[in-house]
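Reading the structure
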Amino acid sequence: MWNELKAYRASVDNRSILSLFDSDPGRGGNFSASFGDMLFDFSKTNIDAKALDLLIKLAEGADLAGRRDAMFSGEKINETEGRAVLHTALRNLDGGPVLVDGADVMPEVLATLDRMEGFAANVRDGIFKGQGGKITDVVNIGIGGSDLGPVMALQALMPYADGPKCHFVSNVDGAHVSDVLRPLDPATTLVIVASKTFTTIETMTNAQTARAWMSEKVADPAAQFAALSSATEKTAAFGIDASRVFGFEDWVGGRYSMWGPIGLSVMLAIGGPAFRAFLRGAQAMDNHFKAAPLAENLPVLLALVGIWHHQICGYPSRAVLPYEQRLLRLPAYLQQLEMESNGKRVSMDGADLEVVSGPIVWGEPGTNGQHAFYQLIHQGTGVVPCEFMVGAQGHEADLAHMHRLLVANCLAQSEALLRGRSLEEATAIMAAKGLEGAELERQARHRVFPGNRPSTTLVYPLLTPEIFGQIVALYEHRVFVEGVILGINSFDQWGVELGKELATALGPVVAGEKGTEGKDGSTALLVETIRKHGG
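Before going into details, it helps to say that this report is about the structure given with it. (Residues numbered from 1 in each chain as written. Predicted model: local features only at pLDDT ≥ 70, side-chain atom pairs only at ≥ 80, totals over all residues. Heavy atoms only, no water.)

**As for the packing of aromatic side chains**
Under the defined criterion, the tally for this structure stands at 16 aromatic pairs. A ring pair is formed by F480 and F491, whose centres lie 6.2 Å apart and whose planes are at 35°; its orientation type is tilted. With F480 in helix α19 (residues 465–486) and F491 in the loop between α19 and α20 (497–510), this residue pair connects regions lying 11 residues apart in the sequence. Members of the aromatic cluster, each reached through a chain of ring pairs, are F72, Y256, F289, F480 and F491. Taking NZ or CZ as reference, R27 lies 4.3 Å from the ring centre of F31, over its face. Directly above the ring of F72 sits K290, whose terminal nitrogen or CZ lies 4.9 Å from the centroid. (Phe/Tyr/Trp six-rings, centres within 6.5 Å; stacked < 30°, edge-to-face > 60°. Helix = DSSP H or I, 4+ residues; strand = E, 2+ residues; numbered from the N terminus. Lys NZ or Arg CZ within 6 Å of the ring centre and 35° of its normal.)

**Some thoughts on the pattern of salt bridges**
The final tally for this structure, using the stated rule, is 26 salt bridges. A salt bridge links E387 to R318, with the nearest nitrogen and oxygen atoms 3.5 Å apart. Residue E387 is found in strand β11 (residues 386–391), and its partner R318 is found in strand β9 (residues 317–323); the two are separated by 69 residues along the sequence. As far as the burial class goes, E387 and R318 line up, both buried. Here R318 and E482 are joined by a salt bridge, their closest N and O atoms 3.1 Å apart. Residue R318 is located in strand β9, and its partner E482 is located in helix α19; the two are separated by 164 residues in the primary sequence. One salt-bridge network, in which partners are shared between bridges, spans R318, E338, E387, R478 and E482. (Salt bridge = Lys/Arg side-chain N within 4 Å of Asp/Glu carboxyl O. Buried < 20%, exposed > 50% of the residue type's maximum accessible area, 1.4 Å probe, protein only.)

**Concerning the packing of helix α5 (residues 64–72) against helix α12 (residues 272–291)**
Direction vectors running N to C along α5 and α12 enclose 140°, while the axes themselves pass 10 Å from each other. Relative to α12, the crossing made by α5 is left-handed. Within the contact between the two elements, α5 uses R68, M71 and F72 and α12 uses D286, F289 and K290. (Axes fitted to C-alpha atoms, helices over the stretch in contact; angles between N-to-C directions. Left-handed = near helix turned anticlockwise from the far one by under 90°. Contact = heavy atoms within 4.5 Å.)

**Let's talk about the nonpolar core**
In summary, soluble globular proteins display a tendency toward joint burial of nonpolar side chains. Residues L190, W251, W308, M389, F468, I471 and F480 are the most contacted members of the largest nonpolar core, which totals 118 residues. Among the elements that take part in this core, α19 stands out by supplying 13 residues, more than any other. Sequence-distant contacts of W308, that is, excluding residues within four places in its chain, are made with L5, Y8, R9, N46, I47, A51, L55 and C313. In terms of nonpolar packing, the next biggest core, distinct from the first, is built from 23 residues, L184, A207, F225 and F238 among them. (Core = buried A, V, L, I, M, F, W, Y, C linked by side-chain atoms within 4.5 Å.)

**A word on the sheet that holds β9**
Spatially, β1-β2-β12-β11-β9-β10 is the arrangement adopted by the 6 strands of the open sheet, whose pairing is mixed. With one partner strand each, in any of the chains shown, β1 (32–35) and β10 (360–363) form the two edges of the open sheet. Averaged over all adjacent pairs, the angle separating strand axes in this sheet is 15°, with direction ignored. Sitting on the sheet, helix α14 (residues 330–342) touches β9, β10 and β11, and the angle it makes with β10 is about 175°. Where helix α16 (residues 400–419) meets the sheet, it contacts β9, β11 and β12 (455–460), and its direction lies at approximately 155° from that of β11. (Pairing = 2+ DSSP bridges.)

**Notes on α5**
Owing to its 3.6 residues per turn, the α-helix aligns residues three or four sequence positions apart on the same side. Within α5 the residues assigned to the buried category are L64, R68, A70, M71 and F72. After α5 finishes, the residue G74 shows a positive phi value of roughly 95°.

**Quick notes on the side chain of R255**
Mapped onto the secondary structure, R255 falls in the loop between α10 (232–238) and α11 (264–270). At 3.3 Å, the side chain of R255 and the backbone oxygen of D492 are in polar contact. Excluding anything up to four places from it in sequence, R255 contacts G145, Y333, Q336, L337, E340, S341, S490, F491, D492 and Q493. (Polar contact = N/O pair within 3.5 Å; in protein donor to acceptor, adjacent residues only side chain to side chain.)

**Section: the pairing of β10**
Note that β9 and β10 share 4 bridges and pair parallel. Along β10, the bridge assignment pairs A319 with W362. Once you follow β9 into α14 and on to β10, the crossover reads as right-handed. (Right-handed = clockwise from strand over helix to strand, strands pointing away.)

**Concerning unusual backbone geometry**
Put simply, G366 and T367 share a cis peptide bond, and its omega is 10°. Following the sequence through the fold, T367 ends up in the loop between β10 and α15 (374–379). For F198, which is not a glycine, the phi torsion comes out positive at approximately 60°.

**Thoughts on the pairing of strand β6 (residues 165–169)**
The element β6 is extensively covered by neighbouring structure, given that 4 of its 5 residues are classed as buried. Relative to β6, strand β5 (residues 137–141) runs parallel, the two being bridged by 5 bridges. The residue bridging V138 from the neighbouring strand is C166, located in β6.

**A closer look at the sheet that holds strand β8 (residues 225–228)**
Strand order in the open sheet formed by 4 strands is β6-β5-β7-β8, and the pairing between neighbours is parallel. Looking at the sheet topology across the chains shown, the edges are occupied by β6 and β8. When the angles between neighbouring strand axes are averaged without regard to direction, this sheet yields 20°. In terms of strand pairing, β5 meets strand β7 (residues 189–194) through 5 bridges, oriented parallel.

**Description of the side chain of D147**
In this fold, D147 is placed in helix α7 (residues 145–156). Here D147 occupies a buried position and makes no salt bridge, while the nearest side chain of opposite charge, R329, is found at 5.7 Å. Not counting residues up to four positions away in its chain, the partners in contact with D147 are G142, F168, V169 and S170. (Lys, Arg positive; Asp, Glu negative; His and termini not counted.)

**Structural notes on the packing of helix α17 (residues 423–432) against helix α18 (residues 437–446)**
The interhelical angle for the contact between α17 and α18, taken along N-to-C directions, is 125°, at an axis separation of 8 Å. When the axis of α17 is compared with that of α18, the two are oblique. As for how α17 packs across α18, the hand of that crossing is right-handed. For the pair α17 and α18, contact is made by L423, A426, T427, M430 and A431 and by L440, Q443, A444 and R445, respectively. The class makeup of the residues in the contact of α17 with α18 is 6 nonpolar, 2 polar and 1 charged. (Parallel < 35°, antiparallel > 145°, perpendicular 65-115°, else oblique. Nonpolar A, V, L, I, M, F, W, Y, C, P; charged D, E, K, R; others polar.)

Everything listed here is a matter of coordinates, which is why it stays silent on function.
Quick look at the structure:
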């Protein structure tokens, strides 16, 4: 099927996307799909009915439905680690039992959610006072999925944030923890340490630094710590009371974890009811993904567009462009989700992949990006498929005129990518300005836009907790679908390990406790240079 798709793409390679609208007046509706109040439009791509049919057959041939059902039912589809993949269980608020090794995990999931909600309410209501009378600030210490998810979610849901102010520390660079802690009062600060094993070196180094900072002012530093971890012996050794420890199982991967205890900082900020609405939005997308036919299934269609652009057309990257300032961190979140999940080189059986794996994912909110990298997207020699998203409304009713301008910019960018501007049109524009001859041609050529550049657009009514949950779950399932079609395990991340191992070995070398024997010439030179400058 891969070869058939590539052959078909080659046969239509010179066709303009705009011509598809000329031949099909209903193309906008025919190549879009809805879920609730959300619309996914992929009509501004070179996918036609035959291409879509081939893509769906590709998914069917990979047993997408079977792999999807296996994931939701608790089978150990993360085969290299022997684990189930059940982040969906964390938002299965009323969906019935979920079995792992024959045991229903839902009672513990829901009990942990209730405990989180109770603790969050106590902090928000001033019942849990800390040692300064009231918790005014929360510092979440984590890295990877234990940081990116909550940071992104809290930014997205800021209109609902009426609890303590939340701050985030992830980088082991001392500047990060120093800059975050400096303006805070230890007595009124709650520190959350997010590490499943309570051994993540960056997180635990920052946690020890925060504890030392806390001890300068409060009598019992550990009394103002909470832990998001399953390593109860280690959290107890740190001094954190079991009532403030919230664990999760190994079937929750880090980059899929904010639906459970890793989302505690978000719950503290927006409250339990809004957090549950966030979960319900994701659960609704889960149900849609499980039940909708492939040709009407938003995660499947989003994935198939991605497969078409990257594996079939050969475009190496994709830009995620939310026209929503509060989705500032979504591109970075999706970068981890996609590139850590599908940045693989072997299939499930260990054989080399016969097609390229995941794309480079990047982006920035509009309209900021328009004044940065859109130049390359519009006139660069390479093609970058763009994924726009925009809300029909903003939260600021008194600034509705600004939101209309934002929406107009979003729609204009996708239209400009589609239509472009011909040399004839550019020549006419410059001739009207009085240019002629060779200078007219030279200036006109600078103003040509090739157009015929693909994009998709996701439209939703308003960025509420429920809609936000739907958006994140949509992209999670998109990554899963792409991984199934590629035949890879999207739920391990062995590529993260080698650098960690080498960093551990290099620590004593950088500190001058060991020599550089056995290191390559470059690494040895760099270590010597750093030592020379006092590092």
